[in-house]
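# Commentary on secondary and tertiary structure
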Amino acid sequence: MKLIEALEKLSNANGVTGREDEVRELMKKYLKPYVDEIREDRLGNLITVKKGNKDAPTVMLAAHMDEVGLMIKNIKKKGFLQFTKIGGIDDRILLAQTVIVHTDKGPLTGVVGSKPVHIQNEAEKKKVIEADKLFIDIGAKDKEEAEKMGVQVGDVVSFDTKFARLGNNIVLGKAFDDRVGCAIMIEAMKRLQKVDCNVYAVGTIQEEVGLRGATIAAFQVEPDVGIALDATVAGDTPGVGEGEAPAKMGEGPVVTVADAGLITHPKVLRLLIDSAKQNKIHYQLETGIRGSTDASRIALSREGVPSGIISVPARYIHSPAAILNLDDAEKAVQLVVAAIENIPKIF
Ligand SMILES: [Zn+2]
């Protein structure tokens, strides 16, 4: 399976934080041919390993399987659904979105209702409507009908976005943060046929609400080196100031120097930069972005694990549809493979 095909399938799957099952099943299927062991831990992380030399270092790759979304918190008398946000979502991007409510009886299509422009006054037109004032309309005539359709408090809601190809090598889809990391991890495991290191490829849960899965996965794996594979903000769109988000689409994978949760270990930073240079992989450096990744928790596991991050710049992450350049993802795979091959020389 090609990287683009895995990315398409993973992006179209639902994996709102805490409900990563669908993504985990796909990851299991796609990783199976390339790993020696595969298991799910008690909280739902997918832990797979490709064994190398017994005495060689252990490296943990982590890509989170969850995506930001919504959760139903109340069904109103007239059948409208109130919700809470799961993960960092800007209230302004929710209005008028088509969404999927995932119920035990199956998925339901709905729309985040909005007041038509015809009946808005001037003040209303300028106002941002906060998420707790918004509602999802699934076409139910009242609460009873919504319940009959299967809706319960706690059902998760994902954006209704289908993967699409845009211009040259550009794709659009939901949840590229972090399905692109998942797709890169699968492709890297495929290419790592003969390797010294013991390579763990871990699909983590609940990253978007506080890096929870990685915390317990790293404890189990006990790696010597940790590398998180993720998506980062591409700052190459109108309205983003120079220096606000330095990464650009099409300029190669991003190596994080520091973010809100990690100062990349100097040995890992050197490993990633040298591996990129040796293989003529164009890369970008990033620092100062206010997010964090699974690498923050891997780094602080047990006695400490030198860790770093390789990410793909994507526009509009944490919204219904992001855009990325497949060439950046391909180069990220090459960088992961090159770095893992170099690890025994350094660690
Ligand atoms: Zn992420």
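Everything that follows concerns the structure shown earlier in this document.
Figured I'd write up the structure that's included with this text. Note that the structure is a prediction, hence the values are computed from the model and not measured.

Parameters and conventions
- Residue positions within a chain follow its written sequence, with the count starting from 1.
- Totals for whole chains, interfaces and linings use every residue, but because this is a predicted model, local features are given only for residues with pLDDT of at least 70 and side-chain atom pairs only at 80 or more, for both listing and counting.
- Water and hydrogen atoms play no part in the side-chain values, which are based on all heavy atoms of the structure.
- The way it works is that DSSP assigns letters per residue, a run of H or I at least four long becomes a helix, a run of E at least two long becomes a strand, and they are numbered from the N terminus.
- Two things to know: the radius of gyration comes from C-alpha atoms, and the globule rule equals 2.2 Å times the number of residues to the power 0.38.
- Note on classification: 1.4 Å probe, protein chains only; a residue is buried when its accessible area is under 20% of the maximum for its type, exposed when over 50%, partly exposed between these limits.
- Every residue pair with non-hydrogen atoms within 4.5 Å of one another is taken to be in contact.
- Computed with a 1.4 Å probe, the accessible areas rest on the Shrake-Rupley method; for each residue, only the protein chains presented here act as cover.
- Counting rule applied: Lys, Arg positive; Asp, Glu negative; His and chain ends not counted.
- A single reference atom marks each charge: NZ on Lys, CZ on Arg, CG on Asp, CD on Glu.
- Only nitrogen, oxygen and sulfur atoms qualify as donors, provided they sit within 2.8 Å of the metal or within 3.2 Å for Na, K and Ca; with water excluded from the atoms, sites may seem incomplete.
- Between 85 and 135 degrees for all angles marks four donors as tetrahedral; over 155 degrees for opposite donors together with 65 to 115 for all other angles marks four donors as square planar and six as octahedral; every other arrangement is irregular.
- Being paired, for any two strands, means DSSP has found at least two bridges between them.
- Residues are called lining when one of their atoms sits within 4 Å of a cavity or pocket point, these points coming from a 1 Å grid over the protein atoms alone, where a cavity is a set in which a 1.4 Å probe fits but cannot get out and a pocket is an open set with protein on both sides within 12 Å along at least five of seven lines.
- Grid points are joined across faces, edges and corners, and a volume is the space filled by probe spheres set on the points.
- Amino acids are sorted into nonpolar (Ala, Val, Leu, Ile, Met, Phe, Trp, Tyr, Cys and Pro), charged (Asp, Glu, Lys and Arg) and polar (every other residue, Gly among them).
- We call Phe, Tyr and Trp rings a pair once their centres come within 6.5 Å, taking the six-membered ring for Trp, and we label the pair stacked below 30 degrees between planes, edge-to-face above 60, and tilted otherwise.
- A positively charged side chain is recorded as over a ring if its NZ (Lys) or CZ (Arg) lies within 6 Å of the ring centre. The angle to the ring normal must also be within 35 degrees.
- Here the arc refers to the directions that run from the helix axis out to each C-beta atom.
- We count a salt bridge whenever a side-chain nitrogen from Lys or Arg sits within 4 Å of a carboxyl oxygen from Asp or Glu.

### Regarding the overall build of the chain
Within the chain, the regular secondary structure consists of nine helices and 17 strands. A compact globule built from 347 residues should have a C-alpha radius of gyration of about 20 Å, and the chain, at 21 Å, falls within 12% of that. Each principal axis of the C-alpha atoms in the chain carries an extent, and together these give about 65 × 45 × 35 Å. Counting across all 347 residues of the chain, residues that qualify as buried make up 53%. Pairs at least 24 apart in sequence give 76% of the contacts found in the chain among residues at least 6 apart. Counting every atom, the chain has about 15800 Å² of accessible surface; 50% of that belongs to carbon and sulfur. One finds the centroid of the 46 positive side-chain charges in the chain at a distance of 2 Å from the centroid of its 49 negative side-chain charges.

### Section: the coordination of the zinc ion
Within the protein, His 64 (NE2), Asp 177 (OD), Asp 230 (OD) and Asp 230 (OD) serve as the donor atoms for the zinc ion, at 1.9 to 2.8 Å. Around the zinc ion sit four donor atoms; with metal-centred angles ranging over 50 to 137 degrees, the donor geometry is irregular. Of note, the donors binding the zinc ion are all from one chain and are spaced H-x112-D-x52-D. Separated by 166 residues along the polypeptide, His 64 in strand 3 (residues 58–64) and Asp 230 in strand 13 (residues 225–233) bring together distant segments of the chain.

### Some points on the side chain of Thr 204
On the secondary structure map, Thr 204 appears in strand 12 (residues 198–204). If we skip the residues at most four places from it in the chain, Thr 204 touches Asn 45, Ala 62, Ala 63, His 64, Met 65, Asp 66, Gly 213, Ala 214 and Asp 294.

### Some details on the pairing of strand 5 (residues 81–86)
Where strand 4 (residues 69–75) meets strand 5, six bridges bridge the pair, whose relative direction is antiparallel. Across the sheet, the residue bridging to Ile 72 is Phe 83, located in strand 5.

### A short note on empty space enclosed by the protein
Inspection of every chain in the model, using the stated rule, returns one cavity of 30 Å³ or more. By volume, the largest cavity is sized at about 90 Å³. Looking at the lining of the largest cavity, its residues break down into seven nonpolar, two polar and four charged.

### Thoughts on the packing of aromatic side chains
Counted according to the given criterion, the structure contains two aromatic pairs. With centroids separated by 5.0 Å and ring planes inclined at 65 degrees, the aromatic side chains of Phe 80 and Phe 135 adopt a geometry described as edge-to-face. A residue pair is termed long-range when its members are at least 10 positions apart, and Phe 80 in the loop between strand 4 and strand 5 and Phe 135 in the loop between helix 3 (122–126) and strand 8 (136–137) qualify at 55 residues. By relative accessible area, Phe 135 is classed as partly exposed at 28%. For the ring pair Phe 163 and Phe 176, a centre distance of 6.1 Å and an interplane angle of 65 degrees mean the geometry is edge-to-face. Here Phe 163, found in the loop between strand 9 (156–159) and strand 10 (164–165), pairs with Phe 176, found in helix 5 (residues 176–191); they are 13 residues apart in sequence, far enough to count as distant. As far as the burial class goes, Phe 163 and Phe 176 line up, both buried. Above the plane of the ring of Phe 347 lies Lys 267, whose end atom (NZ or CZ) is 4.9 Å from the centre.

### Considering the environment of Leu 262
On the secondary structure map, Leu 262 appears in the loop between strand 14 (254–259) and helix 7 (266–278). Accessibility expressed as a relative area gives 6% for Leu 262, which makes it buried. Taking C-alpha positions, Leu 262 is 19 Å from Gly 88, a pair spaced 174 residues apart along the chain. Apart from residues lying up to four places away in sequence, Leu 262 is in contact with Val 257, Ala 295, Ser 296, Ala 299, Ser 307, Gly 308 and Ile 309.

### Remarks on helix 2 (residues 21–31)
Of all the positions in helix 2, only Val 23, Arg 24, Leu 26, Met 27, Tyr 30 and Leu 31 are classed as buried. Seen along its axis, helix 2 keeps its buried residues to an arc of 165 degrees; they face one direction. Its buried side turned inward, helix 2 meets helix 1 (3–12), strand 1 (37–40), strand 2 (46–50), helix 5 and strand 12.

### Notes on the pattern of salt bridges
Side-chain pairs of opposite charge can arise where the charged atoms are in close proximity. Summed over the entire model, instances satisfying the criterion amount to 18 salt bridges. Measuring nitrogen to oxygen at the nearest pair gives 3.3 Å for the salt bridge that ties Glu 40 to Lys 28. Pair noted here: Glu 40 is in strand 1 and Lys 28 is in helix 2, with a separation of twelve residues, a long-range link. The class for Glu 40 is partly exposed, based on a relative accessible area of 38%. Of the charged contacts, one joins Asp 91 and Lys 85 as a salt bridge, the two residues approaching to 2.5 Å between their closest N and O atoms. Here the residues in one salt-bridge network are Asp 21, Arg 24, Glu 25, Lys 28 and Glu 40, joined through shared partners.

### Digging into the environment of Pro 107
The topology assignment puts Pro 107 in strand 7 (residues 106–112). Among residues more than four places away in sequence, those in contact with Pro 107 are Ile 100 and Val 101.

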